There are 2 protein chains.
Amino acid sequence: MNVEINNKDRQFMMAAIEEAKIAGSLGEVPIGAVIVFQGEIIARAHNLRESTQNAVTHAELLAIQEACKVIGSWRLEETTLYVTLEPCPMCAGAILQSRIPRVVYGARDLKAGCVDSLYQLLNDPRFNHECDVTEGVLAEDCGQLLTDFFRALRGRKKEEKRLRKLLAESEEQ
Amino acid sequence: MNVEINNKDRQFMMAAIEEAKIAGSLGEVPIGAVIVFQGEIIARAHNLRESTQNAVTHAELLAIQEACKVIGSWRLEETTLYVTLEPCPMCAGAILQSRIPRVVYGARDLKAGCVDSLYQLLNDPRFNHECDVTEGVLAEDCGQLLTDFFRALRGRKKEEKRLRKLLAESEEQ
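Here the structure is a predicted model, which is why all the values come from computation and not from measurement.

**Notes on the overall build of chain A**
When its secondary structure is counted, chain A shows five helices and five strands. Listed by position from the N terminus, the elements making up chain A come as α-β-β-α-α-β-α-β-β-α. Counting only C-alpha atoms, chain A reaches 70 × 30 × 30 Å along its principal axes. Per-residue burial for chain A yields a buried fraction of 50% across its 173 residues.

Here's what the structure looks like:
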């Protein structure tokens with residue numbers, strides 16, 4: 001259900017990317033989300049799983065909770081959620097629960113995405129809600145953030161392994 | 001993946017039912033959950049969607065967040081989640097995210113259940129986690145709570161409609 005990508009979508013996805021970058025600067029997997037209501041961003045959030053040690057603190061879930069507070073209702077009607085990565089089952093489910101009518105995401109998550117990749121949870125007529133979905137907005141930028149993050153992580157792990165080996169060798173001598 | 005139901009399972013489901021009853025007494029759809037670690041309940045929660053006006057405050061999600069706090073980690077290894085109703089997509093996703101190894105539920109949710117009914121999200125080898133699932137523990141008690149709740153709700157709505165009609169008639173006179 002891909003609708004036309006417009007400049008507004010790019011602008012709001014840029015805001016989600018800024019959130020993703022904040023997550024990355026905290027050592028979190030760089031994923032960000034914003035929720036827009038009547039042309040204004042009413043909630044911004046980024047993945048905080050490691051910092052909070054709370055399994056459900058994904059960007060989308062935090063943004064949805066913030067938006068519920070702002071609107072004063074669990075029903076987020078007339079909102080659009082922008083997120084840099086295709087939502088996981090939990091976040092796709094939270095989108096259904098909060099009745100968000102439109103979701104725009106950047107990069108696909110081939111391993112766990114539940115909007116297009118593994119399941120199409122947002123477009124199953126058996127649920128009591130369905131969403132309009134626009135994918136691929138600034139997908140390259142959104143995906144590159146993740147690629148760079150995981151490459152740097154692997155580099156740090158390799159360096160750590162090398163230092164551990166040197167330490168073990170020096171202790172043996 | 002149904003394993004043998006034992007007395008412990010019944011005992012912990014009773015605790016989840018107590019939580020569901022608290023939800024019902026608050027006018028919330030009566031669903032409750034507890035999380036058990038090393039034979040002890042470490043988190044108890046009930047559905048609070050209406051009271052909080054927060055779309056994600058399902059019993060399971062609240063219990064998972066509480067358990068993460070208690071254990072001090074987003075990984076809820078060696079825990080069992082007991083919930084009175086088959087989890088929805090959001091809660092099934094949160095179970096995957098928190099790596100809960102075993103889930104025990106009471107009644108099936110034929111309209112939105114994502115463990116057995118509509119999807120089997122907890123047993124999809126493409127995700128990075130799978131769960132042992134036991135269903136049907138005190139299913140009748142768990143389901144009856146919901147049946148009674150919705151019957152009473154319909155009764156109240158019918159009575160409200162009757163009173164509104166009487167009021168309109170008296171205003172016309």
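**Concerning the sheet that holds strand β5 (residues 132-135) of chain B**
All names here are of chain B. Taking strand neighbours across the sheet as the criterion, the five strands line up as β2-β1-β3-β4-β5 in an open arrangement whose pairing is mixed. The two strands at the open ends of the sheet, each matched to only one other strand, are β2 (40-46) and β5. Neighbour to neighbour, the strand axes of the sheet diverge by 15° on average, direction disregarded. Inspection of the sheet shows strand β3 (residues 79-85) paired to strand β4 (residues 102-107) by five bridges, in the parallel sense.

**As for the packing of helix α4 (residues 89-97) of chain A against helix α4 (residues 89-97) of chain B**
In the contact formed by α4 of chain A and α4 of chain B, the axes pass within 7 Å of each other and the chain directions differ by 155°. Here α4 of chain B runs roughly antiparallel to α4 of chain A, going by the angle between their axes. Of the two elements, α4 of chain A crosses α4 of chain B, and the hand of that crossing is left-handed. Of α4 of chain B, the residues touching α4 of chain A (which contributes Pro89, Met90, Gly93, Ala94, Leu96 and Gln97 of chain A) are Pro89, Met90, Gly93, Ala94, Leu96 and Gln97 of chain B. Counted by class, the contact of α4 of chain A with α4 of chain B contains eight nonpolar, four polar and no charged residues.

**Observations concerning the relation of the copies chain B and chain A**
Overlaying chain B with chain A gives an RMSD of 0.1 Å, the required rotation being 180° about an axis along which the chain moves by 0.0 Å. Classification of the inter-copy transformation places it as that of a two-fold axis. In terms of proximity to the rotation axis, the leading residue of chain B is Met90 of chain B, whose C-alpha is 2.0 Å off the axis. Counting the interface residues of chain B, we find that 100% of their copies in chain A are interface residues as well, pointing to one common contact surface.

**Overview of the UniProt feature "active site" (unreviewed entry) in chain A**
Residues and elements named next belong to chain A. Residues annotated in UniProt with the feature "active site" (unreviewed entry) correspond here to Glu60. Exposure remark for Glu60: the relative accessible area of 4% places this residue in the buried category. Those residues in contact with Glu60, other than ones at most four positions away along the chain, are Ala33, Leu81, Val83, Leu85, Pro87, Cys88 and Cys91.

**Notes on the side chain of Arg102 of chain A**
All names here are of chain A. Relative to the assigned elements, Arg102 resides in strand β4 (residues 102-107). Assessed through its relative accessible area of 16%, Arg102 is described here as buried. Within the structure, the side chain of Arg102 is placed 2.7 Å from the side chain of Asp9, a separation counted as a polar contact. Within the structure, the side chain of Arg102 is placed 3.1 Å from the side chain of Thr134, a separation counted as a polar contact.

**Quick notes on the pattern of salt bridges**
Residues and elements named next belong to chain B. By the definition in use, this model includes 16 salt bridges over all chains. Measuring nitrogen to oxygen at the nearest pair gives 3.8 Å for the salt bridge that ties Lys21 to Glu18. Highlighted residues: Lys21 and Glu18, both in helix α1 (residues 7-25), separated by three residues, approximately one helical turn. The shortest N-O distance in the salt bridge between Asp124 and Arg126 comes to 2.9 Å.

**So, the interface of chain B and chain A**
Size of an interface: often given as the accessible area lost when the parts come together. Each partner contributes residues to the interface: chain B has 32 residues there, and chain A has 32 residues. With both sides pooled, the region where chain B packs onto chain A buries about 2700 Å², and carbon together with sulfur makes up 63% of that total. Among the residues chain B hides against chain A, the three largest losses belong to Trp74, Gln97 and Tyr119 of chain B. Together they make up 24% of the total. At the junction of chain B and chain A, the tally comes to zero salt bridges.

**Describing α4 of chain B**
By the criterion of burial, α4 of chain B is predominantly enclosed, with nine of the nine residues buried. Taken residue by residue, α4 of chain B has Pro89, Met90, Cys91, Ala92, Gly93, Ala94, Ile95, Leu96 and Gln97 of chain B as its buried positions. Looking at the buried side of α4 of chain B, the elements it contacts are α2 (49-52) and α4 of chain A together with α3 (59-71), β3 and β4 of chain B. Of the residues one or two after α4 of chain B, Arg99 of chain B is the one with positive phi, at around 60°.

**Focus: the UniProt feature "binding site: Zn(2+)" (unreviewed entry) in chain A**
Here the UniProt-annotated "binding site: Zn(2+)" (unreviewed entry) positions come out as His58, Cys88 and Cys91 of chain A. For this annotated set, covering 34 residues, all C-alpha atoms fall within 9.3 Å of each other, a compact arrangement in space. Excluding residues within four positions of it along the chain, His58 of chain A makes contact with Asn47, Cys88, Met90 and Cys91 of chain A together with Gln97 of chain B. Inspection of the secondary structure puts Cys88 of chain A in the loop between β3 (79-85) and α4. Every residue in contact with Cys88 of chain A, bar those within four places of it in the chain, is listed here: His58, Glu60, Ala112 and Cys114 of chain A together with Gln97 of chain B.

Cut-offs and rules
Residues numbered from 1 in each chain as written. Chains lettered and ligands numbered in written order. Predicted model: local features only at pLDDT ≥ 70, side-chain atom pairs only at ≥ 80, totals over all residues. Heavy atoms only, no water. Helix = DSSP H or I, 4+ residues; strand = E, 2+ residues; numbered from the N terminus. Buried < 20%, exposed > 50% of the residue type's maximum accessible area, 1.4 Å probe, protein only. Pairing = 2+ DSSP bridges. Axes fitted to C-alpha atoms, helices over the stretch in contact; angles between N-to-C directions. Parallel < 35°, antiparallel > 145°, perpendicular 65-115°, else oblique. Left-handed = near helix turned anticlockwise from the far one by under 90°. Contact = heavy atoms within 4.5 Å. Nonpolar A, V, L, I, M, F, W, Y, C, P; charged D, E, K, R; others polar. Least-squares fit on C-alpha atoms with pLDDT ≥ 70 in both. UniProt positions renumbered as here; feature names shortened; annotations may be inferred. Polar contact = N/O pair within 3.5 Å; in protein donor to acceptor, adjacent residues only side chain to side chain. Salt bridge = Lys/Arg side-chain N within 4 Å of Asp/Glu carboxyl O. Buried area = accessible area lost by both parts, 1.4 Å probe.

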